[in-house]
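Observations on the three-dimensional arrangement
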Amino acid sequence: PVGVGASVWFGWHSNDVDPNEIQSSWQVLVASSFEKLSNDEGDVWDSGRHEDSLQNHIPFGGIALRSDLRYFWKVRTWDKDGVSGAFSEPASFRVGLLEIGDWQGAAWIRRDSRDQDDHSLFRKKLALPAKPITYATAFLSATHRFDFRVNGEAVGKGPSFNHPDSQYYHGYDITHLLKPGRPNLFAIRTHWFGGGQGRPAAERGLIMKAVIHYADGTDAVVGTDGSWLQTRDEAWLLKGLVARNRGEGVGYVENIDGRLLKPDWDSLDFDDSSWKPATVVGPHPIKPWTSKLVPDLTRITEKEIQPVSITRKSGDKYVVDLGKVWAGMPRIRFSGGKAGETITMRGGYELDASGEIKPGTKAQSTVMEYRAILNGREFTYEPVEYLGLRYFQIDNAPMPVTSDNFRFITRHSTLDDSASSFESPDSTLNGVWDLMKHSLFTCAQEAFVDTPTREKGGFLGDASIQSTVAMPILNERTLTRRVLGEYLESMDRYWAKPDHRGRINAVYPNNDGGRDIPDFTQAYLPWVWNYYMETGDRAFLEASWPRLADIGAYLDRHTDKKTGLVTRLTGGSGPYQFGIIDWPPTMRYGYDMQTDARTVINGWTIADYDALARIAAVLGKSTEETNFHNRSEALKSAMNRHLLTPSGLYGDGIAASGTLSNHTSQHANMFPLALGMVPPEHREKVVGHIKDKKMSVGMVTVGWLVRALGETGQGVPLLDLFTKPDQPGWGRCLNRGATATWEAWDSD
């Protein structure tokens, strides 16, 4: 990795060829040079031999790391018999800019603009001395996006969105792109497009600092300043700008004029004589970027794919099928036609009876249109912002559309597809696995998003589900760690008052201020525990403990002294107030929302207390461990006293009048069963009731149903949940043509 923070961790996979082997000890060496490491000299850290089997999230224990330095490391392990293996091949990491003062030599710059959809280009030419470069690193941040290039070669895109006082930066190795003794060009495209779900509006700005380390021991800095040139990318037309979804802020229909494109804007020979100097906002820190910039190791991976099919309809109309839903952008090489002619295009999730996407069709209330204006020659049309879609239609193509001139650029956060696989004799179950796994790719973007189309925000409920699965299935770690920290940040930003402490934003970072959903807050603690079980990141638990404990205190404040039940849990509004239970409303399957002490909310509370007790045990906080364990046991007893109906099933909750609801939803019964708290005399009835209801919960809580059935040995109904085509579930989604999971079982 390039651009790590002051705290780093190490991990490795063992590949001992002997059967039934296990690591018994390890030793890590970290050195300031490759030569020292080759001589087994850990001048930065020699851990010595540690007798344990840990292989993941081993904290660095050497001398303090320094900004913008490259370090080398390797590891060796001992087997169960105490026999040492050889050291691993060397690896390296590069430290970012750790302190505010490390950004000296670079300033925030911008193009003065009031464009709602601001596409700006920046360039800087400079000659480098003719001497060998040891290594060179560039550190870069911008709002909202950047596309960074050196000498015409793509370096990276980013950053992750956040509020300006928590702004992220990325680090990149540019050693191989620089040309000593010759002119060089740094080029950056930025896109600012206002606020939305998961994206604060912030302010327009860009900062970059590149440090070049020469073999003779000298360094040189290339930083953004007033000598950089800028211009608006006029090919992105602003006249008649159409918001894709004004309420969600996901961006605008990109109308790109091929006559105004500057395809070689990032090349050294491009004529930038008409460009103007960039406006200097000032050196970092400066309003609104007032805090230390935060290193971000997440990266978006882009891949070009071919369509599964391209069908010519009437005239010059073509319909492209990508085979499944992907998040990304079309890349179309247009040729021919009349200069100035507008080509109309759209994406979609479904086709009508004629096999087309009709004009004006919206998907998820989002305008899925695209526009291109021909230049009469050849040019490549490639939007900057992504959408989720399966089908793409071109109404009036100037040339035959083929897999040679139409590609799609998929994008997602870095995920390891090879980390898992599944195969069984049941083809539907195999299909469900593929459906679920692919869905993770569509929604792991700058955050774990609700959907890559209508709502590109990182909702906590969605994120906790996706992340918990992506960690073991796709070896995901980095995005999860960053997003967990962002939700804690939301507590400090919006919920710092004493009577608010313990609440977490339901979506963050965002552009609509404090906004929480009680049971999304409750989903956070089990997610943290799952993260720890996957990573062993004790440091995160320790640093986060005060705010994690605040969640427990928030729940405790809402415990009714008479019943012992969590009642009217503050948070949310409208259909979310006191708890969302499930979503959309049809996926509540009649859950009694008139109750004040809701069974589902109390079930989540037990899960939270249990997670806090486990975390306290890891941290050696025995008093807190006992405290939260006792709260959990007391709440279980209260639920069994007050929420069991005379029929032996759990009601949905207790109304303000004190009356127990006679509606015994699957939701209300699966939580107690999954939590192992159903009295033995009621267990058989509760299990039977849950089985009889088949799939009567939605995506927000379905994991609890899987757990309840799985941990009570109900293999056949559990398999039916996944595979039956004639009942709500993933099997029916497949049968209805799903290629990514839907928010509701009743979709089509």
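Residues numbered from 1 in each chain as written. Predicted model: local features only at pLDDT ≥ 70, side-chain atom pairs only at ≥ 80, totals over all residues. Heavy atoms only, no water.

The next thing to look at is the nonpolar core. Counting 99 residues, the largest nonpolar core has Tyr487, Tyr524 and Trp730 as its most contacted members. Those residues within four positions of Tyr487 in sequence are excluded, and the remaining contacts are Gly458, Phe459, Leu460, Ala463, Ile504, Asn505, Ala506, Val507, Tyr508, Tyr524 and Trp527. One finds Tyr318, Ala363, Leu374 and Leu389 within the second-largest nonpolar core, a separate group that totals 28 residues. (Core = buried A, V, L, I, M, F, W, Y, C linked by side-chain atoms within 4.5 Å. Buried < 20%, exposed > 50% of the residue type's maximum accessible area, 1.4 Å probe, protein only. Contact = heavy atoms within 4.5 Å.)

Residues in a regular strand point their side chains to alternate faces of the sheet. Pairing analysis gives five bridges linking strand β15 (residues 205-214) to strand β16 (residues 219-223), with the strands arranged antiparallel. Along β16, the bridge assignment pairs Lys209 with Gly223. Here β15 folds back onto β16 in antiparallel fashion, the turn holding four residues, of which Gly217 has a positive phi close to 95°. (Pairing = 2+ DSSP bridges. Helix = DSSP H or I, 4+ residues; strand = E, 2+ residues; numbered from the N terminus.)

Strand order across the open sheet formed by five strands is β1-β7-β6-β3-β4, with mixed pairing between neighbours. The open sheet has two free edges, formed respectively by β1 (2-4) and β4 (45-46), since each of these has just one partner strand. Pairing geometry for strand β6 (residues 70-78) and strand β7 (residues 91-95), over four bridges, is antiparallel. The partner of Tyr71 across the bridge, within β7, is Phe93.

Moving on, we get to the pairing of strand β30 (residues 387-394). Of all eight residues making up β30, eight are buried, and the element is well covered by its neighbours. The pairing of strand β25 (residues 342-348) with β30 spans four bridges and is classified as antiparallel. Across the sheet, the residue bridging to Arg346 is Gln393, located in β30.

To continue, consider the packing of aromatic side chains. For the structure on display, the rule yields 33 aromatic pairs. Ring plane angle 70° and centroid distance 6.0 Å describe the contact between Phe10 and Phe93, whose orientation is recorded as edge-to-face. Placement of Phe10 in strand β2 (residues 9-10) and of Phe93 in strand β7 is noted, with a sequence separation of 83 residues between them. Taking relative accessible area as the criterion, Phe10 reaches 3% and is therefore assigned buried. An angle of 55° between the planes, with centres 5.8 Å apart, marks the rings of Trp12 and Trp26 as tilted. Residue Trp12 is found in the loop between β2 and β3 (25-31), and its partner Trp26 is found in strand β3; the two are separated by 14 residues along the sequence. Within the aromatic cluster, the residues linked to one another by ring pairs are Phe10, Trp45, Phe60, Tyr71, Trp73 and Phe93. Residue placement shows Lys74 over the ring face of Phe87; its charged tip is 4.7 Å from the ring centre. One cation-aromatic arrangement involves Arg199 over Phe193; the distance from NZ or CZ to the ring centre is 3.7 Å. (Phe/Tyr/Trp six-rings, centres within 6.5 Å; stacked < 30°, edge-to-face > 60°. Lys NZ or Arg CZ within 6 Å of the ring centre and 35° of its normal.)

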